[in-house]
Amino acid sequence: MIIVMKKGTPELEIKKISEEMGKRGLQVNEIRGLNYTILGLIGDTVSVDPRDISVNVYVEKVMRVEEPYKRANRIFHPENSVIDVAGIKVGGEKIAVIAGPCSIETNEQMDEVAREVKKSGASMLRGGAFKPRTSPYSFQGLKEEGLDMLVEAGKNNRLPVVTEIMSIDRIPLFEEKVDLIQVGARNMQNFELLKAIGRGTTKPILLKRGLSATIEEWIMSAEYIIASGNPNVILCERGIRTFEKYTRNTLDLSAVLAAKKLTHLPVIVDPSHAAGKWWMVEDLAKAAIAVGADGLMIEVHNDPENAWCDGAQSLKPKRFNNLMEELKKISQIVGRSMD
Ligand code: PEP
Ligand code: MN
């Protein structure tokens, strides 16, 4: 971190700041210019907030050199992290594909979708039991009953299961039944939830990017989970809110490249919630693998026209099967594999 002092700052003020930084265990290197004095802080500055230093009236500006996150930072962990989800490796050479409906509806629906996506080569089964809906009058999910349907379909089709957690009090239930615990876009900055899943479980966490979160904010949320004790975090880009209305969200594929450069965590892409339109999902999924995503999360429904949630962005099993065939070719071109 670099502190630029204003022209004519009294010596005493420079000494005061230097001593304060020294107390925090930082070494201070002073550079005297013609007009300005620059203080270079050497050491671990993650817990130093530049805004706290800027409070001093003699401080011109404060600049971070290092990122404010450490445990998620690739600088301190140069190799890719490979996260194990009930035997499925995410972040290695193989592409992981999570597929399933938006919401869990019935045993028959879950079993049919699970059977189909398994046949096509999906590696995990998704389905929402606790749904974060914009309207309180929309279907809120089948809750515990739905979770059991997901677990059953996963077991019958040998697929690990992924579902979203919304509250701290359900951590023990998820710890017992869920293989990959999803934190949805709307809860990405629910810091109490992030800390609790960091402390309360070592099950892997799928952290979706918030609707209007910057890449740094998204990584800071991963940092919360890791710093609280759970290093098993997978990032998921799912589209961000922009001025564009044609699509549900704007898929930010450059975020995949950025997150993979800045962190060592696996990054997957959810083209379904990004586009909101089923006919865009296949091409966006291919693009995601082409830019280097470690996997995908795709909504698949056996009867999208009658789905209880997000039918418009769900693929039918046949289309999903075709997509998986296409993805095999693309993954090979980019040096990855699907099976
Ligand atoms: C979901 O995956 O079911 C979901 C609600 O996604 P998001 O949190 O990205 O909106
Ligand atoms: Mn959905």
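All figures in this text were calculated on a predicted structure; none of them were measured in a lab. (Residues numbered from 1 in each chain as written. Chains lettered and ligands numbered in written order. Predicted model: local features only at pLDDT ≥ 70, side-chain atom pairs only at ≥ 80, totals over all residues. Heavy atoms only, no water.)

Overview of the domain arrangement of the protein
And step 1. Taken domain by domain, the protein consists of domain 1 (2-63) and domain 2 (83-333).
And step 2. Averaged C-alpha coordinates put domain 1 and domain 2 at centres separated by 44 Å. (Domains from an automatic or database assignment.)

Regarding the sheet that holds strand 9 (residues 161-164)
And step 1. With parallel pairing, eight strands are arranged side by side around a closed barrel as 7-8-9-10-11-12-13-14. Adjacent strand axes in the sheet meet at a mean angle of 25°, parallel and antiparallel pairs treated alike.
And step 2. As paired elements, strand 13 (residues 267-269) and strand 14 (residues 295-299) share two bridges and run parallel to each other. Looking at the pairing, Val 269 lines up with Leu 296 of strand 14.
And step 3. In this fold helix 7 (residues 215-227) packs onto strand 11 (205-208), strand 12 (233-237) and strand 13, with an angle of close to 160° to the strand it touches most, strand 12. (Pairing = 2+ DSSP bridges. Helix = DSSP H or I, 4+ residues; strand = E, 2+ residues; numbered from the N terminus. Axes fitted to C-alpha atoms, helices over the stretch in contact; angles between N-to-C directions. Contact = heavy atoms within 4.5 Å.)

Points about the coordination of the manganese ion (ligand 2)
And step 1. The protein atoms that coordinate the manganese ion (ligand 2) are Cys 102 (SG), His 273 (NE2), Glu 299 (OE) and Asp 310 (OD), at distances spanning 2.0 to 2.4 Å.
And step 2. Within one chain, the residues serving as donors to the manganese ion (ligand 2) are arranged as C-x170-H-x25-E-x10-D. Highlighted residues: His 273 in helix 9 (residues 271-275) and Asp 310 in the loop between strand 14 and helix 11 (317-333), separated in sequence by 37 residues.
And step 3. For His 273, a relative accessible area of 9% gives the class buried. (Donors = N, O, S within 2.8 Å, 3.2 Å for Na, K, Ca; no water. Buried < 20%, exposed > 50% of the residue type's maximum accessible area, 1.4 Å probe, protein only.)

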